[in-house]
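Coordinate analysis (summary)
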Amino acid sequence: MNTATDIPLLPDYRTQSPTVAERFRKLKERPVVLDVQNLGREFIGENGPITALRDVSFQVHRREFLCVIGPSGCGKSTLIRMVAGLDYPTSGRMLLDGKEVHGPGPDRGMVFQGYTLFPWRTVTENVMFGLQMQGMDRTQASSEARQWIQLVGLSRFENAFPAQLSGGMKQRTAIARALAANPRILLMDEPFGALDAQTRAQMQTHLLEIWRNVDVTILFITHDLDEAVLLADRILVLKANPGEVQEVMEVPVPRPRSLMQANSPEFLATRRRLDELIHPKAEGHSAEIEKLPIIRLTQVGDDVE
Amino acid sequence: MAPALPKINNMPKPSWLTVRKDLSPRRHTALGIVAFLLPLAIWCLVSYVPFIWHPMIKIEAPGDVTWLKRGQLIPREDFGKEVARLQAESGHLPNGSRANPIFLPAPHAVARALYTAFMTAPVLRGDLWLHESLWMSIKTIFWGFVISSAIGLPIGILCGSYTAIARITEPFVDFIRYMPAPAFGALMVAVFGIHLEPKIAIIVIGTFFQQVLVIANTVRKTEIGLIEAAQTLGAKRSQLVWRVIVPASSPDLYNDMRILLGWAWTYLIVAEVVGVSSGITFFINQQAKYRNFDNVYAAIVIIGIIGLLTDQVLAFVGLRVFAWRNPRPSRVRTYLVRLITDQYATPLIKIPQYKPVVTK
């Protein structure tokens, strides 16, 4: 491992302060909500089967926040879709609270990158959907939905249609909708990927707030390294071709988390380790991006930098 | 209170032909009207300006030509020959004016026919008045379309939702779809008799099979993400169909139905000649037999007007029913709210706007 660095004096990402270590000890004592065992997925390609995911195993404890990160094409989305039951594994199995699960169900709620709100339903009606599917009557469902809407701070918009909401508000509605159905685990597939940087930061803070106050376990897919370090208890790092677990990291950044910690040594150490795993430096190359073969098309003296 | 700032309108006047850009409401309406005025203008031009077409001569005085009668229409060439012949024989020349063929009456004749067709009693006793014929046609269409939709809509939705049902239905539906509905005419008369029933049956046959396929295809276009989201929220099979797929595709289904209703109208004319000719078709054929082509045009125009009005009403209703697609506050409500709440209410009377003063 390359420890000669540009940022000196960073601690090892594995060193944990006593409080953080204690937190992880307690976390691991909690019951396992989701137990993924040797999960694999093969697709039929033109030249025989392609292995998208191989032998992926991990456990999520109750009220844990687990991030899955990996380079593009490593099968992150396939993994979460299989957990949600929207795709099926070709090998291995998944246990939810010790029982094997097949196919989609309300015990595994999901928040998608593309919001997927029902456009014909108002915010309240969207949040009511899961409750109504469970057979709750309209009045009760709507009063319960209102509480969730309040939790995500959208009370002013409860009668608005999705087409009238901004991206951030849509995703908050989607989170409320998923939580209202009372899932055992909340699956989030790059939920903030389509948002602008500012809104994304807001949503991250917001999600942590919700997670602190609601009894929910979260499995969160992202390709944003900072997001993973900011949010997660543990980070599952996948590698591509085929998608395999590379490492499960315990994030040493103490809680409660905030964006202010982004420059703390623990944060930076974890961040750097992730960088090494996901963007490995090729032999003989510096970190510099290879120069593009661009010819000069401007006049001499007309320089911009 | 701060003085209201003068409004400055610096927006460039948009070009009429900008690719995929909405027109201003005023232009939208104006072009819609022109769309109707333009063909009407061409019709007027051809009808009232003699030297554009007018290939016939309407005889006013037959002169010495024995086979001509007053009011007869003959081709200009033939008339010219007769005139030349009589000039050579120095007889009385026939007299006439240029006219269009009988199948192209002038707009005013059709307009008059539109009025008189409703007001004139039918020639034969027992025949129907025009409005009665129309009502009969509308009844035929209505029942044909309702029966077809009552079966076709649910089947189409099921086909679009479940691949197995689609597979067991669509190949055969596709097979029948290519059989022309009027081909079933004789059969339907044998089954249902000679009155309205076989005609309704033909409209059903003409509409139903197309309907199943069109509806199924629209339903199939439902965004898969919505279905997946509903599944992770606990929606099961039938809930997915009736609580997700149907509402998600309802605006498109509604538009499909509008188009299919138009198709039902095209089947009407062939359906109505089956068995005892009835409705507007009977009226048209009867008038054509008497060579009252102004009445024929009047009847065709009426069908067009009914179709256009129905479609416009349905489009308007659709915009209201599916407001979630393009939610915008009602203009009336916005106006009233502004009127009560602040001083920026749009005044009913237009106040001349300040022009920005440009100082040099």
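Residues numbered from 1 in each chain as written. Chains lettered and ligands numbered in written order. Predicted model: local features only at pLDDT ≥ 70, side-chain atom pairs only at ≥ 80, totals over all residues.

What follows concerns the packing of helix H5 (residues 167–180) of chain A against helix H6 (residues 197–213) of chain A. Residue and element names in this part refer to chain A. It is the contact of H5 with H6, at a shortest axis distance of 10 Å, that shows an interaxial angle of 20 degrees. For the element pair H5 / H6, the angle class is roughly parallel. Regarding H5 and H6, the two cross each other, and that crossing is right-handed. The segment H5 lies against H6, with Gly 167, Gly 168, Gln 171 and Ile 175 engaging Thr 199, Gln 202, Met 203 and Ile 210. Classifying every residue of the contact of H5 with H6 by side-chain character gives three nonpolar, five polar and no charged. (Axes fitted to C-alpha atoms, helices over the stretch in contact; angles between N-to-C directions. Helix = DSSP H or I, 4+ residues; strand = E, 2+ residues; numbered from the N terminus. Parallel < 35°, antiparallel > 145°, perpendicular 65-115°, else oblique. Left-handed = near helix turned anticlockwise from the far one by under 90°. Contact = placed C-beta atoms within 7 Å. Nonpolar A, V, L, I, M, F, W, Y, C, P; charged D, E, K, R; others polar.)

Now for the interface of chain A and chain B. With 23 residues of chain A in contact, the opposing surface of chain B contributes 15 residues. Here the side of chain A that touches chain B is built from residues that sort into 14 nonpolar, seven polar and two charged.

Before going further, it helps to spend a moment on the nonpolar core. Among the nonpolar cores identified, the biggest contains 118 residues, and Cys 67 and Leu 219 of chain A together with Ile 202 and Ile 203 of chain B are the most heavily contacted of them. Tallying contributions element by element places helix H7 (residues 196–220) of chain B first for this core, with 14 residues. Among residues more than four places away in sequence, those in contact with Leu 219 of chain A are Leu 34, Val 60, Leu 66, Val 68, Ile 80, Val 83, Ile 185 and Leu 187 of chain A. By size, the runner-up hydrophobic cluster in this structure holds 13 residues, among which are Ala 117, Leu 130, Val 296 and Ile 302 of chain B. (Core = buried A, V, L, I, M, F, W, Y, C linked by C-beta atoms within 7 Å. Buried ≥ 20, exposed ≤ 12 C-beta atoms within 10 Å, placed from the backbone.)

The end-to-end C-alpha distance of helix H4 (residues 130–161) of chain B, which contains 32 residues, comes to 45 Å, matching closely the 46 Å that a straight helix rising 1.5 Å per residue would cover. The axis of H4 of chain B is deflected most strongly, by about 30 degrees, at Ser 149 of chain B. (Expected span 1.5 Å × (residues − 1). Bend = angle between axes of the 7 residues up to and from the residue.)

Residues and elements named next belong to chain A. Of all five residues that make up strand E3 (residues 65–69), five are buried, and the element is covered over most of its length. Residues Phe 65, Cys 67 and Ile 69 point to one face of E3 and Leu 66 and Val 68 to the other, with burial holding for every one of them. Bridge analysis of E3 against strand E8 (residues 217–222) gives five bridges, and the strand direction is parallel. Its bridge partner lying in E8, Ile 69 is registered against Thr 222. Pairing of E3 with strand E9 (residues 234–239), which is carried by four bridges, proceeds in the parallel orientation. Among the inter-strand pairings, Val 68 is bridged to a residue of E9, identified as Leu 236. (Pairing = 2+ DSSP bridges.)

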